[in-house]
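Chain by chain, the residues run as shown.
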Number of protein chains: 2
Amino acid sequence: MSKEITSRAKDYSQWYNDLIIKGELADYSAVRGCMVIKPYGYALWENMRDVLDRRFKETGHQNAYFPLFVPKSLFEAEEKNAEGFAKECAVVTHYRLKSDPNNKGKLIVDPDAKLEEELVVRPTSEAIIWNTYKGWIQSYRDLPILVNQWANVVRWEMRTRLFLRTAEFLWQEGHTAHATKEEALEETTKMLDVYAQFAEEYMAMPVIRGVKSANERFAGAEDTYCIEALMQDGKALQAGTSHFLGQNFAKAFDVKFADRDNKLDYVWATSWGVSTRLIGALVMAHSDDSGLILPPKIAPLQVVIVPIYKGEDSKAVINEKAESIMKDLRAKGVSVKYDHDDSSRPGWKFAQYELQGVPVRLALGLRDIENNQAEVARRDTKEKNTVTLDGISDYITNLLDEIQTAIFNKAKAFRDENIREADTWEDFERILETNGGFISAHWDGTPETEELIKTKTKATIRCIPLNNKQEAGKCILTGNPSKERVLFAKAY
Amino acid sequence: MSKEITSRAKDYSQWYNDLIIKGELADYSAVRGCMVIKPYGYALWENMRDVLDRRFKETGHQNAYFPLFVPKSLFEAEEKNAEGFAKECAVVTHYRLKSDPNNKGKLIVDPDAKLEEELVVRPTSEAIIWNTYKGWIQSYRDLPILVNQWANVVRWEMRTRLFLRTAEFLWQEGHTAHATKEEALEETTKMLDVYAQFAEEYMAMPVIRGVKSANERFAGAEDTYCIEALMQDGKALQAGTSHFLGQNFAKAFDVKFADRDNKLDYVWATSWGVSTRLIGALVMAHSDDSGLILPPKIAPLQVVIVPIYKGEDSKAVINEKAESIMKDLRAKGVSVKYDHDDSSRPGWKFAQYELQGVPVRLALGLRDIENNQAEVARRDTKEKNTVTLDGISDYITNLLDEIQTAIFNKAKAFRDENIREADTWEDFERILETNGGFISAHWDGTPETEELIKTKTKATIRCIPLNNKQEAGKCILTGNPSKERVLFAKAY
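This structure is a prediction, so every number in the text was calculated from the model and none was measured.

A word on the overall build of chain A. For chain A, the count of helices and strands is 14 helices and 26 strands. For 492 residues, the compact-globule estimate of 2.2 N^0.38 gives 23 Å, and chain A sits close to it at 26 Å. If one aligns the C-alpha atoms of chain A with their principal axes, the spans along those axes are about 80 × 70 × 55 Å. As displayed, chain A has an accessible area near 20,300 Å², and 45% of this comes from carbon and sulfur atoms. Once the 66 positive and 75 negative side-chain charges of chain A are each reduced to a mean point, those two points are 2 Å apart.

Structure, rendered in structure tokens:
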């Protein structure tokens, strides 16, 4: 397989696909719209999942597991939610195949095994979960319920892109139930903060916290909070959402609780989720034309040591030193691989680890050891340094921290440079065409205007930032009065 | 909800259901045959999963993720596998619902959104994975592939039982590819050993390692290895399987590799899996008429501390001491909860934690603290001891180890007592009716005889134990010559 990567300048979209496929994160599959997550990509997902899972547990949540299938009658119970997802759901109609009488060795759907009620493969689990919560909740003593699920979901997408938009994807979905509106709102923003901190501290990806306009709201939510990130091509990417569901699902599934005064009321709900889409965001936020750049805190492999053998005699000496460095690094909790595979040359290995975004590469030859030093290369800047072997494990752990910070700072500087104000429609269109990025502009607050802007430019309101400055102005398109600027962008 | 548990003697099957439901491990769902795994049950699964996952990685495996759906043409490619699973598979035929024109607010399957090719919801993933491996394998350098997947699978079951037999369940499935038959066989038995060690060391559940007869083999395997456990009602339960798949899937999907001499050959395969069924096995292996008994090494909660308050004044003193004990235990890696919830009485709490199988309970009153002691109760034997507070965290960690061993020894003694030899058909039937358990008996080696025995008694051959003693004898049913005894039992 050619390992050459298309440059961003030449074809951004092909560059992205090259990184995913040649970086061995994922692969296309025989199933339309579904992908195979390869071991390297899955290890990245495991690292992300483990951090999030720990944070969910620290904030009082427990994991559980609910059925993959949603009976049609439950699926349609919350009308807006059903309307939003009906257009793109996989439907199970039969529970058996049988031999094709006309075609030996082939199978056909058995018409005698038709389900009485069709089952929808979950596109999201509010319906099945709120139908379950009905049995769990009688009084305020049963609240709050703070549950999360790690699962696969299916949304039938016509135009798919690896990680960014696939028919099946992996995610977590939190579903909480509360006695009061205030508590549910607090949960919604608390989980948004968990996502934002995760994106910034671990993925090194700066995000803007905001709330969605009505057009972009989750089907069935009262309010959708989101974190929005900026990709290198100037398009935004929604990296996580946290929904305040009000009493919509409680009403659809008749979930009431007796409060302290024994009065019955509907339960308040939130749901929140992030998915394997984050991997797509991570790739596009940091990587370059040589391959992936992964933040050390979630990289599947943080350090690789490559020996530069010179004749058979050098092997034992180099191996011994490498093993010793590896042992020191592992004792410090660093994930490290010693790649002494004889069948490929050091140069090939360098390119491969560069492509796969391993944050630090250490090259070790006989001369190096004689001089008590090694060559250390960092992936993000491609800087190489000759470093003394004394205390090299401390040097590397510090370097990993430095890389994590540098990747974040670089992405943040890029993001900050790419938030522009537009006060006229001409400016708005010009910025969209020349720079992309976020455009901070006034909007008259109507869904119609937002829709019109989308039709004209493909840009949508990514969010109304939290703690947004109030400022009188005129809508960029209609000139109608506006009280605050909102953030527009073209988006994934 | 009444927390009373039906006794095993009165109704074993109802006892089991009571433990699962009232112990809050799982719940029925609105979807026929699917269950909801509740937080306590899921925490147990997480602990089991984490141990297994670590062992898989230690033995060189990596996780990946493959599509939920298998296109029908791939599903039918390996004929025996297809035949085995076609009878019980969920089939997706459409990708959209639409509004029912005759029934406002209701949805119907959109006939315009019929799939060109039906998709089977994976009952197991050999087909989709081997179709993928075809693209990954060219030469011996690409081998072995040692991949595992944690996933949900669906097998349409008509008679379901929580954890033991559900339409959807969670599992892991390892799928490996090798250059030689010997290497694949070695992998098959290596993973069987991983399962056996896990069952015995963590689940405290003794198992017999063996190989299946042809009748009980996995559809598409050359040989199925298994671990078999014995439940308290004398029925056996298959707790894990490891399949040697030969070249069957490689041939079905045309997966060849070039060996060192550049000769093409089909790749050798294994697959191996355990599922949430293990939770059913765990419950039935150890629990008693008061509730669950969970082995400390995988219990979601190992220790609970219950304060016995006597007036408001006692609270501060007891809380302080409890917090201090909790801190010591956590420092030793023990999971511990201090249940100082005022709204329920100590007696109610004792019963609840007993029902949920928390291995150690510590009760702490003012008098206890004055006497520098606490009451420690172990769940398995229900013994209570007054223990000095000096070094109580060491006492408890030792006690947890002791309980782990005691639970295993008890289950092993029961299992060993319930392996009986039968040399006549009358003995065979009598043992099955009066004792149950495993029956070691001669069998003529034919599928027909095994089938006949099953029809007559419901007993099947659970396995031919590994390293089985060779011994001439006569088949228990036909009197035909036999070279070794095999293990029969009725099974879940």
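Further remarks concern the relation of the copies chain A and chain B. Here chain A sits on chain B after a turn of 180 degrees about the axis and a move of 0.0 Å along it, with an RMSD of 0.0 Å. The transformation just described matches what one would write down for a two-fold rotation axis. Among all C-alpha atoms of chain A, that of Val92(A) lies closest to the rotation axis, at 2.1 Å. A shared interface surface links the copies, since 100% of the contact residues of chain A are contact residues in chain B too.

Residue and element names in this part refer to chain A. The sheet contact formed by strand 19 (residues 360–365) and strand 20 (residues 373–378) spans four bridges and is antiparallel. Bridged to arginine 361 within strand 20 is alanine 377. Note that strand 20 and strand 21 (residues 384–388) share five bridges and pair antiparallel. Its bridge partner being in strand 21, valine 376 is matched across the sheet by asparagine 385. Hairpin connection between strand 20 and strand 21: a loop of five residues separates the two successive antiparallel strands, and lysine 382 in this loop has a positive phi of roughly 65 degrees.

All right, on to the sheet that holds strand 5 (residues 91–94) of chain B then. In space, the six strands of this open sheet follow the order 4(A)-8(A)-5(A)-5(B)-8(B)-4(B), with antiparallel pairing throughout. A strand with exactly one partner marks an edge of an open sheet, and here the two such strands are strand 4 (69–71) of chain A together with strand 4 (69–71) of chain B. For this sheet, the mean inter-axis angle between neighbouring strands, taken without regard to orientation, is 45 degrees. Pairing geometry for strand 4 of chain B and strand 8 (residues 114–121) of chain B, over three bridges, is antiparallel. Of the residues in strand 8 of chain B, the one forming a bridge with Val70(B) is Val120(B).

With that settled, consider the interface of chain A and chain B. Size of an interface, as often reported, equals the accessible area lost when the parts are brought together. Counting from both sides, the interface comprises 63 residues of chain A and, opposite them, 63 residues of chain B. Roughly 5,200 Å² is buried in total at the junction of chain A and chain B, and carbon and sulfur atoms are behind 67% of that figure. For Lys106(B), the salt bridge goes to Glu76(A), with nearest N and O atoms at 3.8 Å. At the boundary of chain A and chain B, one finds 30 residue pairs in polar contact (both at pLDDT 80 or more).

Here we come to unusual backbone geometry. Residues and elements named next belong to chain A. Going from leucine 143 to proline 144, the amide bond is cis rather than trans, its omega being -10 degrees. Note that proline 144 resides in the loop between helix 5 (126–136) and strand 9 (145–154). Even without being a glycine, asparagine 262 presents a positive backbone phi close to 65 degrees. You can see asparagine 262 is positioned in the loop between strand 14 (256–258) and strand 15 (264–266).

This part takes up the sheet that holds strand 21 (residues 384–388) of chain B. Residue and element names in this part refer to chain B. An order of 18-17-19-20-21 is seen for the five strands of this open sheet, with the pairing classed as mixed. Both outer strands of the open sheet, strand 18 (336–338) and strand 21, are each paired with one neighbouring strand and no more. Pairs of neighbouring strands in the sheet enclose a mean axial angle of 25 degrees, with direction left out of account. Against the sheet, helix 9 (residues 312–331) contacts strand 17 (303–308), strand 18 and strand 19 (360–365), and its axis sits at roughly 170 degrees relative to strand 18. Set on the sheet, helix 12 (residues 392–417) makes contact with strand 17, strand 19, strand 20 (373–378) and strand 21; between it and strand 20 the angle comes to about 10 degrees.

Turning our attention to the state of the cysteines. Residue and element names in this part refer to chain A. A full pass over the atoms with the stated rule returns zero disulfides over all chains. No disulfide involves cysteine 226; its sulfur sits 4.7 Å from the nearest other cysteine sulfur, which is in cysteine 463. On the basis of relative accessibility, which here comes to 0%, the residue cysteine 226 falls in the buried class. Looking at cysteine 475, it has no disulfide partner, and the nearest cysteine sulfur is the one in cysteine 463, 17 Å off.

This part takes up the domain arrangement of chain A. Examined at the domain level, chain A breaks down into domain 1 (12–68 + 129–286), domain 2 (303–409) and domain 3 (418–489). The distance between the C-alpha centroids of domain 2 of chain A and domain 3 of chain A comes to 48 Å.

On to the pattern of salt bridges, then. It is possible for side chains of opposite charge to pair when their charged atoms get near one another. Residues and elements named next belong to chain A. Enumeration over the complete set of coordinates arrives at 62 salt bridges over all chains. One salt bridge connects arginine 462 with glutamate 216, and the closest N-O pair in it is separated by 3.8 Å. Of this pair, arginine 462 sits in strand 24 (residues 460–465) while glutamate 216 sits in the loop between strand 11 (208–211) and strand 12 (223–230); the two residues are 246 residues apart in sequence, bridging distant segments of the chain. We classify arginine 462 as buried; its relative accessible area is 4%. On the accessibility criterion, glutamate 216 (23% relative accessible area) is partly exposed. Taken together, the shared-partner salt bridges in this structure form one network comprising Glu421, Asp423, Lys469, Glu471 and Arg485.

Here Lys310(B) shows up in the loop between strand 17 and helix 9. Considered as a pair, Lys310(B) and Leu487(B) are 177 residues apart in the sequence and their alpha carbons are 58 Å apart.

Residues and elements named next belong to chain B. For the pair helix 13 (residues 425–434) and helix 14 (residues 447–457), the least separation of the axes is 12 Å and the interaxial angle reads 50 degrees. Judged on the interaxial angle alone, helix 14 and helix 13 are oblique. For helix 13 against helix 14, the interelement crossing comes out right-handed. Contact residues: Trp425, Phe428, Glu429 and Leu432 in helix 13; Ile453, Lys456 and Thr457 in helix 14. Considering only residue class, the contact of helix 13 with helix 14 consists of four nonpolar, one polar and two charged.

What follows is about the packing of aromatic side chains. Residues and elements named next belong to chain A. Under the criterion given, the structure shown has 34 aromatic pairs over all chains. For the ring pair phenylalanine 66 and tryptophan 136, a centre distance of 6.0 Å and an interplane angle of 40 degrees mean the geometry is tilted. Here phenylalanine 66, found in the loop between strand 3 (62–63) and strand 4, pairs with tryptophan 136, found in helix 5; they are 70 residues apart in sequence, far enough to count as distant. Given the relative accessible area of 0%, phenylalanine 66 is considered buried. Within the aromatic cluster, the residues linked to one another by ring pairs are Trp45, Phe56, Trp150, Tyr195 and Trp272.

What follows covers the packing of helix 1 (residues 12–22) of chain A against helix 8 (residues 277–286) of chain A. Residues and elements named next belong to chain A. Orientation of helix 1 relative to helix 8, taken along the N-to-C sense of each, is 115 degrees, at an axis distance of 11 Å. When the axes of helix 1 and helix 8 are compared, the crossing they make is right-handed. For the pair helix 1 and helix 8, contact is made by Tyr12, Trp15, Tyr16, Leu19 and Ile20 and by Gly280, Val283 and Met284, respectively. Taken together, the residues of the contact of helix 1 with helix 8 break down into seven nonpolar, one polar and no charged.

All names here are of chain B. Taking burial as the measure, the six residues of strand 17 include five buried ones, the bulk of the element. Note: strand 17 against strand 18, three bridges, orientation parallel. Within strand 18, the position partnered with valine 303 by the bridge is valine 336. Chirality of the crossover, the property in question, places the unit of strand 17, helix 9 and strand 18 among those that are right-handed. Across six bridges, strand 17 lies against strand 19 in parallel orientation. Note that in strand 19 the partner of proline 307 across the bridge is leucine 364.

Before going further, it helps to examine the nonpolar core. The biggest cluster of nonpolar side chains holds 102 residues, and the ones touching the most others in it are Phe69(A), Phe69(B) and Trp130(B). Look past the residues within four positions of Phe69(A) in its chain and what remains in contact with it is Val92(A), Leu119(A), Val120(A), Val121(A), Ile128(A), Val31(B), Cys34(B), Ala90(B), Val121(B), Val154(B) and Trp156(B). In terms of nonpolar packing, the next biggest core, distinct from the first, is built from 80 residues, Ile37(A), Tyr195(A), Val306(A) and Trp443(A) among them.

Another aspect to go through is the side chain of Lys212(A). Residues and elements named next belong to chain A. Locating lysine 212 in the fold gives a position in the loop between strand 11 and strand 12. According to the relative accessible area criterion, lysine 212 is buried, its value standing at 2%. At 3.2 Å, the side chain of lysine 212 and the side chain of glutamine 238 are in polar contact.

Conventions and cut-offs
Residues numbered from 1 in each chain as written. Chains lettered and ligands numbered in written order. Predicted model: local features only at pLDDT ≥ 70, side-chain atom pairs only at ≥ 80, totals over all residues. Heavy atoms only, no water. Helix = DSSP H or I, 4+ residues; strand = E, 2+ residues; numbered from the N terminus. Rg over C-alpha atoms; globule rule 2.2 N^0.38 Å. Areas by Shrake-Rupley, 256 points an atom, 1.4 Å probe, with all protein chains shown as cover. Lys, Arg positive; Asp, Glu negative; His and termini not counted. Charge placed at Lys NZ, Arg CZ, Asp CG, Glu CD. Least-squares fit on C-alpha atoms with pLDDT ≥ 70 in both. Contact = heavy atoms within 4.5 Å. Pairing = 2+ DSSP bridges. Axes fitted to C-alpha atoms, helices over the stretch in contact; angles between N-to-C directions. Buried area = accessible area lost by both parts, 1.4 Å probe. Salt bridge = Lys/Arg side-chain N within 4 Å of Asp/Glu carboxyl O. Polar contact = N/O pair within 3.5 Å; in protein donor to acceptor, adjacent residues only side chain to side chain. Disulfide = S-S within 2.5 Å. Buried < 20%, exposed > 50% of the residue type's maximum accessible area, 1.4 Å probe, protein only. Domains from an automatic or database assignment. Parallel < 35°, antiparallel > 145°, perpendicular 65-115°, else oblique. Left-handed = near helix turned anticlockwise from the far one by under 90°. Nonpolar A, V, L, I, M, F, W, Y, C, P; charged D, E, K, R; others polar. Phe/Tyr/Trp six-rings, centres within 6.5 Å; stacked < 30°, edge-to-face > 60°. Right-handed = clockwise from strand over helix to strand, strands pointing away. Core = buried A, V, L, I, M, F, W, Y, C linked by side-chain atoms within 4.5 Å.

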